[in-house]
Amino acid sequence: MRCVPRPFLSPPMAEISKPPVAFRALQLANEQRNAYGLRYNDFPRYRKHCANRTHRLRSTLKMTHGKGRDFKKLPPITPEIVKDGHLQLLLFEAERSWAYAQELTTASMQPANNERATSLRHSATGRFRRAVNWSTQLLFLCQTLFKSSRMSAENLIEVSVYTIILNGRFLRYRDDFEDALIQLSVARGLLDELANAASTSRDQALAVLFADEVGPEIRYCAHELGRTKAYDVSSIVSELAPKYRSEIVEDCDALVAKLQAEERTHAKLKMKLTERIWDGQPVPVRYPELVDVLLKVEEAENALADVQKDTRRPAGANSKRSKLGVTAYDAVLSALSDAEEVARRLEGMQETSANVASSSGGRDIHFVHVYILYQLLSHRIQRDLLLMTTLLASDSGDKAKAQGPKKTIASKAPVDSRLYPAVVKLLDTVLQSLAQMRTLSIVDDNPDLASAIEARIAVSNARRCVYLAQCYSATKKYAEALVLLQHATIHVRETTTSLSLTESDPLTNNNPSFFPLSKEDIKELESTVASDGLQFKRDWFAHNGGSVKADSTTYKKPLFFNIALNYVELDMERLQQRAGKQPVIAAPSTSSSAQKQAKAEPTLEKKPAPKAKVEEMVQPTPERQPQTRGGLSSLLGGWWS
């Protein structure tokens, strides 16, 4: 059998057989800038980092000039041998030159360098030109890889945007504002295309971040050119970008069309962050690192919603369900704490740097930080309220088991001494969170929300007074308990007043609702305060007759407001028995009991006609003398017979 030789593969087919190259220029530049100094405009530190990184990459790729005095010429970087490391090397060379140019420009503006300011600006121009040269080489390699189907359209557009931004800034630095405005407008238009076609929220935030950085430069160039609407960046971009993008970017329309096709291909793999709305407007998320933590927050919130929707469990699994709810809240609080820390760091970076967060003048990172802090406090309050409800429900369940089916007021089951102090501590944390929430700027800007939070503060204070009064009543300090209930009544009135100031309660009507409060809850709290106050007064009267200083062991005749009762001998043994005290019963003698029976017989036999009150009061007086003689004669025997 004759062997047929294999045909020689042409270079394009050989390139197709090679693996594709994934290179995210904007993502890599953003990560390195934020990690190594540019978060705080430290250009010398970032320049040194880029120099070290290029040296490591050259050693790895074996692209050094040799050792010693022997100079070794570097091999050219061709599309056949290009790898991800070669593209990174060109990017860091461009970043190094750009950072050095910014460092020299900053040094030329200092008063100490007035004499050599011209030479510093000249050196900065040379470094800027070198950065544009390195980025142009990077763009040429990426275009070659894209033509050989080894690079995606998204990666090529990112490299094109990076190159155009560097070129536009260089033109602005040289005061060529017209060409700079065109270059920056085209870059902004491509960034908008990347944001619309992003497969993840992180990629979308990355594109929005670079677009926000370019926006102020577009506005400055338009102002220098004397445009009447220099502030309207979007209109300038929509005017210039479609007109000049095909001249600046090769086959721009075909590239954008392929980008949209790739978006439809990866539509099922999208990891989009749910848009958050506050006061009818979306909350902007313009930082990729913030997107990562907010995705964790959203995942924890979905798990919490699943736990709250799970109402098919039997009644005996309430404690297990509450534990699951507390665990879900803890996961949400942990994720929100991480998000708050990232947002606070980004806010500090914005305050120390001169960068403008939003080119449209909308909500900035300060608003996002305050919004995340509000969500953190709200979920913390919900967690504390759930713990309080669980404690009270467990105690009421134990009471029901102890009392049995017949529940009466007289038969009270004992309460754990640790219950009410624990509830008071939880309410303290709720009040602390509400007070911190009231000071937030987004709450001050919304009068209805501020009134609703003030109502929650008042009702939490009222509940705290009620449970703190229970703690005092357990130690027989009824005066302090009644004073606390008076304070609770005042707080309930404050709650009603605060709710009357709002047309609709934004916390109750929110989805999901946060700390719902209705008129029925306020009425129930008022009835609780009234019933507890009456019960404390009864317990205080039974304890020591309602006296603050009297001892409960010594007996004191209570004061009655019915004057007629002062003329009637009261059954003190019965009163003490009803008060919960066991009186000391002396053994009565036989003669005294007989005398009482003899005294009771004539009163039963005689039925006199109705008389005046004076006669009824004076009538029993003559009967006391035989009662005394009978008692003495029975005690002394025949001595008085």
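You'll find the structure just up there.
What you see is a predicted model, and the numbers here were worked out from it, not measured in a lab.

Describing the pattern of salt bridges
Phase 1 of the analysis: With the rule as written, the count across this model stands at 24 salt bridges.
Phase 2 of the analysis: A salt bridge links Glu 217 to Arg 172; its shortest N-O distance comes to 3.3 Å. Of this pair, Glu 217 sits in helix α8 (residues 201-224) while Arg 172 sits in helix α6 (residues 153-173); the two residues are 45 residues apart in sequence, bridging distant segments of the chain.
Phase 3 of the analysis: Its relative accessible area of 12% is what places Glu 217 among the buried residues.

Quick look at the packing of aromatic side chains
Phase 1 of the analysis: Summed over the entire model, instances satisfying the criterion amount to eight aromatic pairs.
Phase 2 of the analysis: When the ring of Phe 43 is compared with that of Trp 98, the centres are 5.8 Å apart and the planes differ by 80°; the resulting orientation is edge-to-face. Taken as a pair, Phe 43 in helix α3 (residues 43-61) and Trp 98 in helix α4 (residues 84-108) lie far apart in primary sequence, 55 residues in all. In terms of burial, Phe 43 and Trp 98 fall into one category: buried.
Phase 3 of the analysis: Put simply, the rings of Phe 128, Phe 170 and Tyr 173 pair up and form one aromatic cluster.
Phase 4 of the analysis: A cation sits over an aromatic face here: Arg 33 above Trp 98, 4.7 Å from the ring centre.

Side note on α6
Phase 1 of the analysis: Between its first and last C-alpha atoms α6 spans 30 Å; for 21 residues at 1.5 Å apiece the expected length is 30 Å, and the two agree.
Phase 2 of the analysis: Looking one or two residues beyond α6, the residue adopting positive phi is Asp 175, at roughly 65°.

Focus on the nonpolar core
Phase 1 of the analysis: If you look at the biggest cluster of nonpolar residues, it comprises 76 residues, and the most contacted ones within it are Leu 290, Ile 372, Tyr 374, Met 437, Leu 440 and Val 443.
Phase 2 of the analysis: Contributions of two or more residues to this core are made by α11 (288-309), α12 (318-352), α13 (365-403), α14 (419-438), α15 (441-444), α16 (447-474), α17 (478-500) and α18 (519-544).
Phase 3 of the analysis: Considering every element that reaches this core, the biggest residue donor is α13, with 13 residues.
Phase 4 of the analysis: Excluding its chain neighbours within four sequence positions, the residues that come into contact with Leu 290 are Val 285, Ala 339, Val 342, Ala 343, Leu 346, Ile 365, Val 368 and Ile 372.

Observations regarding the packing of α4 against helix α5 (residues 117-147)
Phase 1 of the analysis: Where α4 contacts α5, the two axes come as close as 8 Å, and the packing angle between them is 160°. Overall, the two elements α4 and α5 adopt an arrangement that is roughly antiparallel. With respect to the hand of their crossing, α4 and α5 are arranged in left-handed fashion.

Quick word on the side chain of Arg 33
Phase 1 of the analysis: Within the fold, Arg 33 resides in helix α2 (residues 25-35).
Phase 2 of the analysis: By relative accessible area, which is 9% here, Arg 33 ends up buried.
Phase 3 of the analysis: Side-chain polar atoms of Arg 33 contact the side chain of Glu 95, separated by 2.9 Å.

Section: the packing of α17 against α18
Phase 1 of the analysis: For the pair α17 and α18, interaxial distance at closest approach is 10 Å and the crossing angle is 165°. Relative to α18, the element α17 is oriented roughly antiparallel. Handedness of the crossing formed by α17 with α18: left-handed. Across the interface between the two elements, Tyr 478, Ala 479, Ala 481, Leu 482, Leu 485, Ala 488, Thr 489, Val 492, Thr 495, Thr 496 and Leu 499 from α17 touch Ile 522, Leu 525, Glu 526, Val 529, Asp 532, Gly 533, Phe 536, Lys 537, Asp 539, Trp 540 and His 543 from α18.

What to know about α14
Phase 1 of the analysis: The end-to-end C-alpha separation of α14 is 29 Å, in line with the 28 Å expected for 20 residues at 1.5 Å each.
Phase 2 of the analysis: If you check which residues of α14 are buried, you get Leu 419, Tyr 420, Val 423, Val 424, Leu 426, Leu 427, Val 430, Leu 431, Ser 433, Leu 434 and Met 437.

A few points about the side chain of Arg 169
Phase 1 of the analysis: Here Arg 169 is to be found in helix α6.
Phase 2 of the analysis: Here Arg 169 is in contact with Trp 98, Phe 128, Leu 184, Glu 213 and Glu 217, once residues within four sequence places are set aside.

Remarks on the environment of Thr 496
Phase 1 of the analysis: With respect to the helices and strands, the residue Thr 496 is situated in helix α17.
Phase 2 of the analysis: Once the C-alpha coordinates of Thr 496 and Ile 522 are considered, the two residues, 26 residues apart in sequence, prove to be 7.8 Å apart.

Structural notes on unusual backbone geometry
Phase 1 of the analysis: Positive phi is not limited to glycine here, since Asn 41 has a value of about 60°.
Phase 2 of the analysis: Mapped onto the secondary structure, Asn 41 falls in the loop between α2 and α3.
Phase 3 of the analysis: According to the relative accessible area criterion, Asn 41 is partly exposed, its value standing at 33%.
Phase 4 of the analysis: Even without being glycine, Lys 62 reaches a positive phi, approximately 55°.
Phase 5 of the analysis: Mapped onto the elements of the fold, Lys 62 is located in the loop between α3 and α4.

Rules of the game
Residues numbered from 1 in each chain as written. Predicted model: local features only at pLDDT ≥ 70, side-chain atom pairs only at ≥ 80, totals over all residues. Heavy atoms only, no water. Salt bridge = Lys/Arg side-chain N within 4 Å of Asp/Glu carboxyl O. Helix = DSSP H or I, 4+ residues; strand = E, 2+ residues; numbered from the N terminus. Buried < 20%, exposed > 50% of the residue type's maximum accessible area, 1.4 Å probe, protein only. Phe/Tyr/Trp six-rings, centres within 6.5 Å; stacked < 30°, edge-to-face > 60°. Lys NZ or Arg CZ within 6 Å of the ring centre and 35° of its normal. Expected span 1.5 Å × (residues − 1). Core = buried A, V, L, I, M, F, W, Y, C linked by side-chain atoms within 4.5 Å. Contact = heavy atoms within 4.5 Å. Axes fitted to C-alpha atoms, helices over the stretch in contact; angles between N-to-C directions. Parallel < 35°, antiparallel > 145°, perpendicular 65-115°, else oblique. Left-handed = near helix turned anticlockwise from the far one by under 90°. Polar contact = N/O pair within 3.5 Å; in protein donor to acceptor, adjacent residues only side chain to side chain.

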